[in-house]
Amino acid sequence: MGYFLLILATLSWSFVGILVKTAASMVDSTTITFARFGIGIVFLGIWLLLRHRRLSLDIGMKWIWIGVIGKCCNYFFENMALSIGSSYGNILVGPLQTVLLLIISAFVFKEYVSGRGWMAAGLCVAGVVTISWNGLPIGEVLTSNGLVTVLYMLSAVGSALHVLSQKMLIQSMDTGKMNFSVFFWCSVLMALPLPFQAHMTGPVNGWGILALIGLGLITGLSFNWFAQAMKRVSFTVAILVSNSSILFTIVWSYLFFHDRITLYILSGAGMFIGGILLLNWPMKRARIKELGA
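Because the structure is predicted, anything quoted here is derived from the model rather than measured. (Residues numbered from 1 in each chain as written. Predicted model: local features only at pLDDT ≥ 70, side-chain atom pairs only at ≥ 80, totals over all residues. Heavy atoms only, no water.)

### Notes on the overall build of the chain
Across its full length, the chain holds 13 helices and zero strands. For the chain, the C-alpha radius of gyration of 18 Å lies close to 19 Å, the compact-globule estimate for 293 residues. Across its three principal directions, the C-alpha atoms of the chain cover 50 × 50 × 35 Å. The proportion of buried residues among the 293 residues of the chain is 52%. Expressed as a percentage of contacts within the chain between residues at least 6 apart in sequence, the contacts between residues at least 24 apart total 87%. Here the chain has roughly 13,400 Å² of accessible surface; of this, 72% comes from carbon and sulfur atoms. (Helix = DSSP H or I, 4+ residues; strand = E, 2+ residues; numbered from the N terminus. Rg over C-alpha atoms; globule rule 2.2 N^0.38 Å. Buried < 20%, exposed > 50% of the residue type's maximum accessible area, 1.4 Å probe, protein only. Contact = heavy atoms within 4.5 Å. Areas by Shrake-Rupley, 256 points an atom, 1.4 Å probe, with all protein chains shown as cover.)

The following block contains the structure:
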């Protein structure tokens, strides 16, 4: 069951890019962000009711709100970048988040970071730069590609804040209850700009509706699938399998949207997969563990 849940979470994360791109043909990125949270808490709430027979909502904890702000930024900027860029672009968020967490770990929490950790960070950065460049003229990189990369950087900052909040909250809260509180308040926060930002970008269609439902399902349940899998499989296996979502994302982008996959994309993906594996491979000293996608 552990391997099944791990593969299920990994595959679900790999489909986020094409689902957002599909939904973007019908609604704007703000609506997509709200739907990811709003539909997500419906699925998560049903799962919690089946498991615990009740729902609990926390409002007073500081780290809940840090997680809310972080996750809103993560999804909002990621959805915006996916709407205007390629459907594989969100593979940049993971390595950028890893580098940010490494820096925070070293300079804020004063944790030991080995030479291997900094080497891993260098590989992640090199991969991000390679994919952002993609062999294009510098002028184009600094305009269109540069804007998309900045949006993914902002998304990664939000994702890192969410991971930090999970790291703090997991000590006293069940994963499902924690995510329900965070995602519920995220949906409330992202509902506020809807009257001013929400608009149709195209006709209502079945694929767009299914994409929004799929994004909600992934948001609501994938983190719990991964948490349950981590209890049943080794950490090394979990890292290897979960990071393969990057490769699946590239494959889906080519198959569904015919996005041009260049040698720069593949090389960059290889660099930061190597960096993430190098950072997380079992070692004697403490290391950062990623707690979310």
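Picking up after the structure, the text goes on.
### A few points about the pattern of salt bridges
Oppositely charged side chains can pair when the atoms bearing their charge come close. Considering all chains together, one arrives at two salt bridges under this definition. Note that Arg36 and Glu78 form a salt bridge whose closest N and O atoms lie 3.0 Å from each other. Note that Arg36 is positioned in helix H3 (residues 29-52) and Glu78 in helix H4 (residues 62-84), a separation of 42 residues in sequence. The two residues Arg36 and Glu78 agree in class, both being buried. (Salt bridge = Lys/Arg side-chain N within 4 Å of Asp/Glu carboxyl O.)

### Some words on helix H1 (residues 2-14)
Here H1 spans 19 Å end to end across 13 residues, near enough to the 18 Å set by a 1.5 Å rise per residue. Turning to H1, its buried residues are Gly2, Leu5, Leu6, Ala9, Thr10, Ser12, Trp13 and Ser14. Contact partners of the buried residues in H1: helix H2 (16-23), helix H10 (206-230), helix H11 (235-242) and helix H12 (245-257). (Expected span 1.5 Å × (residues − 1).)

### Regarding the packing of aromatic side chains
Where two aromatic rings form a pair, the distance of their centres and the angle of their planes describe that pair. Taken as a whole and judged by the stated rule, the model has 14 aromatic pairs. Arranged with centres 5.0 Å apart and planes meeting at 20 degrees, the rings of Phe37 and Tyr75 form a pair that is stacked. Of this pair, Phe37 sits in helix H3 while Tyr75 sits in helix H4, placing them 38 residues apart in sequence. The same class applies to Phe37 and to Tyr75, which are both buried. Taken together, the ring pairs connect Trp13, Phe37, Tyr75, Phe183, Phe223 and Phe226 into an aromatic cluster. (Phe/Tyr/Trp six-rings, centres within 6.5 Å; stacked < 30°, edge-to-face > 60°.)

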